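Residues per chain are reported as follows:
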Amino acid sequence: SLSLHLTPSHRHPSPSGKYYFMEHAAWDGLAVADFVFPWFMFMVGVSIVFSVQSQLKRNVPKTKILKKVVIRFLKLFFIGVFLNTAVQGGVHVDQIRIPGVLQRIGFTFFVCAILEILFIPLLTNVESYGGERLTVNVDDNAYNENGKYIDEGKYPEKKMWTFMRPSEPARSNISLIFHTWPQWILMALFSGIWAAVVFALPVPGCPKGYLGPGGIADGGEYPNCTGGATGYIDRLIWNNNIYRHPTCKEMFKTTQYFDPEGILGSLMAILTVYSGVIAGHVIQLNKSSRSGILIRLVVLSVVSLVIGIILCKGRFTGGWIPINKNLWSPSFVFITSGSSYGILAILYLLIDSQHLITGCPFSAMGKNPLFIYIGSYILYNYFPFNFYTEQSHGMLMFQAIVGTISWMFVALYLDYKKEKSTDCDSALIPLL
């Protein structure tokens, strides 16, 4: 279910078929395309927990894990900057865009991974179950007969397994709070910094706390205030090295550059990734209780959605803090994270709990997201990922579907070559 939820949106000329409700919102509000990036970042957070816990279980030193995190961050950042140079006619060196999608993923991954490594120990089932730790002889095929196994131990010749009594009361919630309180404090600090800068920083020619698109919005009163303090800080620090064609440009006739992957937005995006970290903790600490995982994910989904709806006063536009992907506003964080918890719960139910579906073929794309994302940039104009067609909604959507399916086959091939088996073996082997 994790890899399925990681299925990325590849780059395509018209991924939405130019249907307005599937495009990005011009400014405030939510459209289908606005969910894709935060969903992916949410699952980055879940993956951090699984990755760090897996390495801790293998006794990998934390210094080595930190080194891997730093290297991965640098790779994502510089690959992202490199992809930003793919400009038709050639890029002006002094105008290379510094922020970007991979840069934001790398930065938020780096922060949340560091917090996970520093504050979270190995989350074994000893913390999930308050029960007595026992070691017994078991048969090769015995599993979950006498309890939930923690590990096989180091005595395969004696067939010794260690497990916890499942009848004992769970203490995962207490354990989770005990270990994660420093992370929660830092998340509150990041939110406080965002609020202080956005609502208190004086921006020349703009009212304090302005969150609008500028241009002709608000009666044209603040034409040069696109994004308020968020846009002002990016223009001040990055100068010309930011995005030049924001989604608000056409509708609101804006003239100011605005980068949707800017500094303040990236600060709030840490909370999106951390929402995924919380989901990862829930899954790791409740492995023996599938119903427990589902209940907790549903509760997190409802709570997040309620907070987001309160912040925006239940409106698609406006409210105390509007839903806004460009600003990556707190209401946007809570609503998209709430939907992520809900979708993860549904996928967990269908795939991991009830085994109604396998996740094939989408799981292969979830396992190879970076390759698919970079490949879609490089092969942007090549058949079958792109081809000339009639400029109608139906034909453009058909073109997008063909491109997506093509990348899906690439991902399936990569998955098969890597693992020599996939969830779709029966369908793939004749083809590969």
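Above this text you will find the structure in question.
Residues numbered from 1 in each chain as written. Predicted model: local features only at pLDDT ≥ 70, side-chain atom pairs only at ≥ 80, totals over all residues. Heavy atoms only, no water.

### Concerning a positive patch on the surface
Part 1 of the argument: Judged by side-chain charge, R58, K64, K67, K68, R72 and K75 come together as a positively charged surface patch.
Part 2 of the argument: For K64, the location among the structural elements is in helix α3 (residues 62-83). (Patch = residues over 30% accessible without salt bridge, like charges linked within 9 Å, V, L, I, M, F, W, Y side chains within 5 Å. Areas by Shrake-Rupley, 256 points an atom, 1.4 Å probe, with all protein chains shown as cover. Salt bridge = Lys/Arg side-chain N within 4 Å of Asp/Glu carboxyl O. Lys, Arg positive; Asp, Glu negative; His and termini not counted. Charge placed at Lys NZ, Arg CZ, Asp CG, Glu CD. Helix = DSSP H or I, 4+ residues; strand = E, 2+ residues; numbered from the N terminus.)

### Points about a nonpolar patch on the surface
Part 1 of the argument: A surface patch of nonpolar side chains, amounting to about 480 Å² of accessible area, comprises V298, V302, V306, I310 and W320.
Part 2 of the argument: Its place among the elements puts W320 in the loop between α10 (290-311) and α11 (330-353).

### Focus: the environment of I309
Part 1 of the argument: Here I309 lies in helix α10.
Part 2 of the argument: Placed 10 residues apart in sequence, I309 and G319 show a C-alpha to C-alpha distance of 9.3 Å.
Part 3 of the argument: When sequence neighbours within four positions are dropped, the list of residues in contact with I309 reads G314 and I335. (Contact = heavy atoms within 4.5 Å.)

### Observations regarding the state of the cysteines
Part 1 of the argument: The full count for this structure, using the stated rule, is 1 disulfide.
Part 2 of the argument: The disulfide that involves C206 links it to C225, with 1.9 Å between the sulfurs. Its S-S torsion of about -100° marks the bond between C206 and C225 as left-handed, since a negative value means left-handed. Placement of C206 in the loop between α6 (172-200) and α7 (228-238) and of C225 in the loop between α6 and α7 is noted, with a sequence separation of 19 residues between them. By the burial criterion, C206 is buried, and C225 matches it. (Disulfide = S-S within 2.5 Å. Buried < 20%, exposed > 50% of the residue type's maximum accessible area, 1.4 Å probe, protein only.)

### Structural notes on the packing of α10 against α11
Part 1 of the argument: Their axes nearest at 7 Å, the elements α10 and α11 cross at an angle of 160°. When the axes of α10 and α11 are compared, the pair comes out roughly antiparallel. Once α10 is placed against α11, the crossing between them reads as left-handed.
Part 2 of the argument: The class makeup of the residues in the contact of α10 with α11 is 17 nonpolar, 8 polar and 2 charged. (Axes fitted to C-alpha atoms, helices over the stretch in contact; angles between N-to-C directions. Parallel < 35°, antiparallel > 145°, perpendicular 65-115°, else oblique. Left-handed = near helix turned anticlockwise from the far one by under 90°. Nonpolar A, V, L, I, M, F, W, Y, C, P; charged D, E, K, R; others polar.)

### Quick look at the nonpolar core
Part 1 of the argument: By size, the foremost hydrophobic cluster in this structure holds 68 residues, and its most contacted members are I48, I105, W328 and L344.
Part 2 of the argument: Every element with two or more residues in this core is listed here: α2 (32-57), α3, α4 (101-119), α6, α9 (263-285), α10, α11 and α13 (369-378).
Part 3 of the argument: In this structure W328 touches F37, P38, M41, R104, G265, M268, A269, T272 and V333, once residues within four positions along its chain are discounted.
Part 4 of the argument: Counting 8 residues, the second largest nonpolar core, distinct from the first, contains A364, I372, F385 and W407. (Core = buried A, V, L, I, M, F, W, Y, C linked by side-chain atoms within 4.5 Å.)

### A word on unusual backbone geometry
Part 1 of the argument: A cis amide bond links C360 with the next residue in sequence, P361, at an omega value of 5°.
Part 2 of the argument: The topology assignment puts P361 in the loop between α11 and α12 (362-367).
Part 3 of the argument: In this structure, H355 is a non-glycine residue whose phi angle is positive, near 55°.
Part 4 of the argument: Note on placement: H355 falls in the loop between α11 and α12.

### Digging into the packing of aromatic side chains
Part 1 of the argument: Enumeration according to the criterion identifies 15 aromatic pairs in this entry.
Part 2 of the argument: Here F73 and F77 contribute two aromatic rings whose centre-to-centre distance is 6.2 Å and whose plane-to-plane angle is 55°, an arrangement assigned as tilted. With F73 and F77 both in helix α3, this residue pair falls 4 residues apart, about one helical turn.
Part 3 of the argument: For the pair F77 and F78, a centre-to-centre distance of 5.4 Å together with 85° between the ring planes defines the contact as edge-to-face.
Part 4 of the argument: Given the relative accessible area of 24%, F77 is considered partly exposed.
Part 5 of the argument: Ring pairs connect the aromatic residues F73, F77, F78 and F110, which therefore count as one cluster. (Phe/Tyr/Trp six-rings, centres within 6.5 Å; stacked < 30°, edge-to-face > 60°.)

The values reported here are purely geometric and, on their own, carry no functional implication.
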